[in-house]
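# Structural overview for review
Listed below, chain by chain, are the residues.
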Amino acid sequence: MKHGSPCSRRRAEQRLPPHSCALFEKGPHGDQIVSGLLPDHGGRMATARSPCNPQSTVDLGAQYITRTPHYAKKHQSFYDELLAHGILKPLTSPIEGMVMKEGDCNFVAPQGLSSIVKHYLKESGAEVSFRHRVTQINLRNDKWEVSEERGSPERFDIVVLTMPVPQILQLRGDIANLISECQRQQLESVRYSSRYALGLFYEAGTKIDVPWAGQYITSNPCTRFISIDNKKRNIESSEVGPSLVVHTTVPFAVTYLEHSTEDVQELIYQQLESILPGLPQPVVTKCQKWRYSQVISAPANSRGQLTLHREPFLVCGGDGFTQSNFDGCVSSALCVLEALKNQI
């Protein structure tokens, strides 16, 4: 979803020939859904909300956005817009262990990083359907027939796939035979890291007494990053309890990728207590498995997108064809849009 929303927005801005635009999102976010927690969307830009107080939120994926000098110029209009709307604000809270390069600037989203996705979806006018997991794509009378686990198949003139690349390769139907051997090799070359994230929500008035808003951990086999999420975003309030998120190391996630979420959550929490002894008990928790977390290697010469079929048009995009950050998603969206313009 985070990759599809900028593309939908730019499609509307460029005044392409009239088309209705539908976006399918396989679930609220990620691999696991825990009942009771209010869903949100945005892929790895997901923000979870406490069922006890929807104002208490935590970013389960990306924690902040780093703008390099290169993209400060190349994507200036995107940053200017998000800053003007208050969707992004400079990160001013202390993050221990953060590595900064000359000219870099970090931003947080006061309402959670999913607010970026929501902004683009609202501006695009796209119709979004949640809990639509696409399973098959077939060619029917010069249109694409898209089937999902729930509901009847729908037909489209153009299909843009922004799901993780391994999930594209798992699609059934005509698409499996239409992908050339060269394209398949490109898709199979994409590699992702895996991580777990554990979000914890606390009662109003709870104090988490640490001098930092975020901390990178280098000496723990399980824990890589901890953030007091509301403190990171400068939205501390006496009426809303604090929230905390833990990101695991990649080796830990790989080891426990197929274990139950409940068991993994217990392991993560045990390690967290050893790092922050005396941590208050949360009122609710959310354990998120990111099977496809960040792209380690993208296809060579994909240039942000891979066109699988031209008539009717089917193209792949997203961070799997660039890099796993905000600028990577924007770059891919612009490349997909250019491919659409050339086709239309």
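All figures in this text were calculated on a predicted structure; none of them were measured in a lab.

Aromatic ring pairs are reported here in terms of the distance separating the ring centres and the angle at which the planes meet. For the structure shown, the criterion picks out eight aromatic pairs. Seen in terms of ring centroids, tyrosine 196 and phenylalanine 252 are 6.5 Å apart; in terms of plane orientation they differ by 75 degrees. Their pairing is edge-to-face. Of this pair, tyrosine 196 sits in strand β14 (residues 195–201) while phenylalanine 252 sits in helix α9 (residues 250–255), and the two are 56 residues apart along the sequence. Taking the centre distance of 4.7 Å and the plane angle of 40 degrees together, the rings of phenylalanine 252 and tyrosine 256 count as tilted. Residue phenylalanine 252 is classed as buried on the basis of its relative accessible area, which comes to 8%. With a relative accessible area of 24%, tyrosine 256 lands in the partly exposed category. Connected via pairs of aromatic rings, a cluster forms that spans Tyr79, Phe107 and Phe326. Stacked on the ring of tyrosine 79, the Lys or Arg arginine 67 has its end atom at 5.4 Å from the ring centre.

Turning our eyes to something else, we now look at the pattern of salt bridges. This structure, assessed with the given rule, holds 10 salt bridges. Notably, a salt bridge pairs lysine 232 with aspartate 59, separated by 3.5 Å at the nearest N-O pair. Here aspartate 59 lies in strand β3 (residues 57–59) and lysine 232 lies in helix α8 (residues 229–232), a separation of 173 residues in the sequence. The exposure class of aspartate 59 is buried, given its relative accessible area of 1%. One salt bridge connects arginine 140 with aspartate 174, and the closest N-O pair in it is separated by 3.5 Å. Within this pair, whereas arginine 140 is found in strand β9 (residues 134–140), its partner aspartate 174 is found in helix α6 (residues 174–178), the two being separated by 34 residues in sequence. What makes aspartate 174 partly exposed here is its relative accessible area of 26%.

Considering every residue of the chain, the mean pLDDT works out to 90; 90% of them sit at 70 or more. Low pLDDT (under 50) marks residues 8–12, which in the prediction has 19 contacts with non-local residues, meaning those over four places away or in another chain. The low-confidence segment residues 29–36 (pLDDT under 50) makes 22 contacts with residues lying over four places distant or belonging to another chain.

Moving on to the sheet that holds strand β7 (residues 105–108). Strand order across the open sheet formed by three strands is β4-β7-β5, with antiparallel pairing between neighbours. Each of the sheet's edge strands pairs with one partner strand only, and the pair in question is β4 (65–67) and β5 (89–90). Both β5 and β7 contribute to a ladder of two bridges, which runs antiparallel. Across the sheet, residue lysine 89 finds its bridge partner in β7, namely valine 108. Helix-sheet contacts for helix α3 (residues 76–84) involve β4, β5 and β7, and the interaxial angle to β4 is about 130 degrees.

What counts and what doesn't
- Residues numbered from 1 in each chain as written.
- Predicted model: local features only at pLDDT ≥ 70, side-chain atom pairs only at ≥ 80, totals over all residues.
- Heavy atoms only, no water.
- Phe/Tyr/Trp six-rings, centres within 6.5 Å; stacked < 30°, edge-to-face > 60°.
- Helix = DSSP H or I, 4+ residues; strand = E, 2+ residues; numbered from the N terminus.
- Buried < 20%, exposed > 50% of the residue type's maximum accessible area, 1.4 Å probe, protein only.
- Lys NZ or Arg CZ within 6 Å of the ring centre and 35° of its normal.
- Salt bridge = Lys/Arg side-chain N within 4 Å of Asp/Glu carboxyl O.
- pLDDT = per-residue confidence, 0-100.
- Contact = heavy atoms within 4.5 Å.
- Pairing = 2+ DSSP bridges.
- Axes fitted to C-alpha atoms, helices over the stretch in contact; angles between N-to-C directions.

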